[in-house]
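Each chain, letter by letter, is given below.
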Amino acid sequence: MQFDVIGLGVSTLDILSLVETFPSGDGVQRAAAVAVQGGGPVSTAIVTAAALGARTAMIDRLGDDWRGTAIMDAYRQSGVHTGYLEVVPDCTSSIATILVRQADGARAIAYCPGNTAEFSPADVPAEAIAAARILHINGRYPDACLRACQIARQAGAKVSFDGGAQRYRPEIRPLVALTDIGIVALDFARQYTGHVEVDAAARALLAEGMELAVITDGVRGSWIYPRNGEPFHQPAFPQLDVVDTTGCGDTYHGAFLFGLASGWPLRECARLASRVAAENCRFLGGRGVLSTLRDEGHAGLTSPYAATTSHE
């Protein structure tokens, strides 16, 4: 099979509750809403790209528990190829319990990793990487990611790296050096490059070898710096009905990669990504927007600017 985007990263099951306040001690409160979804930065980007119409696959290792079953079902429902997801008997899968505060969308997260063995370089399916146009990673399983990046480079595939806020670690620097498409949070860009200003940080990332450096900063939008072309700013789309910001950055990644794989101009990729991220805020959970995308594609987004976009 040929894939537009293939992901390598940790898959989780997210259990989210919308609450009035975070607990400060013993007590019981009624949740306004509850959602159970697949989660994880790379995996959410992959299912977003799939919902928009990209051919995608995910590489990971799951336990054979109920969590793993739910994670696998979510991939299949989203149209993600699951042939490179290994299910390990008598093991557990990763799970996150997320409390989302109604007043401002703030989150309190408790994460419990699964107990499958760490994905290693020897576990990377070279034929799957070679069959993809874009490999998407975020540095989890760093040794395996390094091997996957090397395979992608040899096969002519592009490497996409997700650098999330508060996720910079020195050990992932070799991965960034092999990155073609870097979409990173401003916090990550500052920690990685040592530059505070967006322009200096983006140009430092390009100097590392990236073909495209994108720096995101929530409601302040994103800055797109192509190696060959003029940089530009993509404003965030206004969203008054914010429920939860979980997964907004991940859906941004998935939509942007869908646009790139579809051959869209960079401005249209950035506009779509921003629209998808804004729409996702209306739902509880990092994949709330996916049902809209699966049913109606990007034309179904309710952003007030939806009708102004095109991708000729």
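Anyway, here's the lowdown on the structure attached to this text. (Residues numbered from 1 in each chain as written. Predicted model: local features only at pLDDT ≥ 70, side-chain atom pairs only at ≥ 80, totals over all residues. Heavy atoms only, no water.)

### Quick word on the state of the cysteines
This is how it is decided: Here, a disulfide means two cysteine sulfur atoms that sit within 2.5 Å of each other. Here's how the labels work: a residue is buried when its accessible area is under 20% of the maximum for its type, exposed when over 50%, partly exposed in between, all with a 1.4 Å probe on protein chains only.
In total, this model carries zero disulfides according to the counting rule given. In this structure C91 is a free cysteine whose sulfur lies 13 Å from that of C112, the closest cysteine sulfur available. The cysteine C269 is free of any disulfide, with C248 supplying the nearest cysteine sulfur at 19 Å. The exposure class assigned to C269 is buried, which follows from its relative accessible area of 0%.

### Examining helix α6 (residues 186–193)
Just so we agree on the cut-off: A run of H or I in DSSP becomes a helix once it reaches four residues, and a run of E becomes a strand once it reaches two; helices and strands are each numbered from the N terminus. The reported arc concerns the directions from the helix axis to the C-beta atoms and nothing else. The contact criterion used is simple: two residues touch if any of their non-hydrogen atoms lie within 4.5 Å.
The set of residues buried in α6 consists of L186, F188, A189, Y192 and T193. Relative to the axis of α6, the buried residues are bounded by an arc of 160° and lie together on one face. On its buried side, α6 packs onto β9 (158–163), α5 (173–177), β10 (181–185), α7 (198–207) and β11 (212–216). G194 lies just past α6 and shows a positive phi near 85°.

### Digging into the sheet that holds strand β4 (residues 56–63)
This is how it is decided: Think of it this way: DSSP has to see at least two bridges between two strands before they count as a pair. Every angle, taken between N-to-C directions, lies between 0 and 180 degrees, and every axis is a line fitted to C-alpha atoms, over only the stretch in contact when it is a helix.
The strand order across the open sheet built from nine strands is β5-β4-β1-β8-β9-β10-β11-β12-β13, with neighbouring strands paired in mixed fashion. Across the chains shown, the open sheet's two edge strands, defined by having one partner strand only, are β5 (85–88) and β13 (232–234). With direction set aside, neighbouring strand axes in the sheet form an average angle of 20°. Two elements, β11 and strand β12 (residues 222–226), share five bridges in a ladder whose sense is antiparallel. What sits directly across from T216, in β12, is S222. Packed onto the sheet, helix α1 (residues 41–52) meets β1 (3–8), β4, β8 (132–137) and β9 and runs at close to 140° relative to β4. Along the sheet, α6 contacts β9, β10 and β11; its crossing angle with β10, the most-contacted strand, is approximately 105°.

### A closer look at the pairing of β12
Of all five residues in β12, four are buried; the element is thus mostly enclosed. Hairpin remark: β11 followed by β12, antiparallel, with five residues in the connecting loop; positive phi at G218, about 55°. Pairing of β12 with β13, which is carried by three bridges, proceeds in the antiparallel orientation. Looking at the pairing, S222 lines up with Q234 of β13. In textbook terms, the turn of a hairpin is the stretch between consecutive antiparallel strands, and for β12 and β13 this stretch comprises five residues, one of which, G229, has a positive phi near 155°.

### Some remarks on the sheet that holds strand β3 (residues 33–39)
As summarised here, the arrangement of the four strands in space is β3-β2-β6-β7, forming an open sheet in which the pairing is mixed. Of all strands in the sheet, those with a lone pairing partner are β3 and β7 (107–112), marking the two edges. Strand after strand, the sheet turns through a mean of 15° between neighbouring axes, direction not considered. In the sheet, strand β6 (residues 94–101) pairs with β7 via six bridges, with the strands oriented antiparallel. In the strand pairing of β7, A96 is matched with Y111. Along the sheet, helix α2 (residues 66–77) contacts β2 (12–19), β3 and β6; its crossing angle with β2, the most-contacted strand, is approximately 90°.

### Digging into the packing of α1 against helix α8 (residues 248–261)
For clarity, the threshold we go by: With respect to orientation, any angle under 35 degrees is reported as roughly parallel, any angle over 145 as roughly antiparallel, any angle of 65 to 115 as roughly perpendicular, and every other angle as oblique. Crossings are classed by handedness, with left-handed meaning an anticlockwise turn of the near helix from the far one by less than a right angle and right-handed meaning a clockwise turn.
Direction vectors running N to C along α1 and α8 enclose 45°, while the axes themselves pass 7 Å from each other. Here α8 runs oblique to α1, going by the angle between their axes. Considering how the two elements wind past one another, α1 and α8 form a crossing that is right-handed. The segment α1 lies against α8, with P41, T44, A45, T48, A49 and L52 engaging D250, T251, H253, G254, A255 and F258.

### A few points about the packing of aromatic side chains
The following threshold applies: Working definition: a ring pair exists when centres of Phe, Tyr or Trp rings (six-membered ring for Trp) sit within 6.5 Å. Plane angles under 30 degrees give stacked, over 60 give edge-to-face, the rest tilted.
Scanning the entire structure with this criterion turns up eight aromatic pairs. Where F119 meets Y141, the ring centres are 5.6 Å apart and the plane angle is 35°; that geometry is what we call tilted. Taken together, the residues F119 in the loop between β7 and α3 (126–130) and Y141 in the loop between β8 and α4 (142–155) connect sequence positions 22 residues apart. Y141 carries the same exposure label as F119, and that label is buried. Between Y252 and F256, the ring centres sit 5.9 Å apart and the planes meet at 35°, which makes this aromatic pair tilted. In this pair, Y252 and F256 are both assigned in helix α8, four residues apart and thus about one turn of the helix distant.

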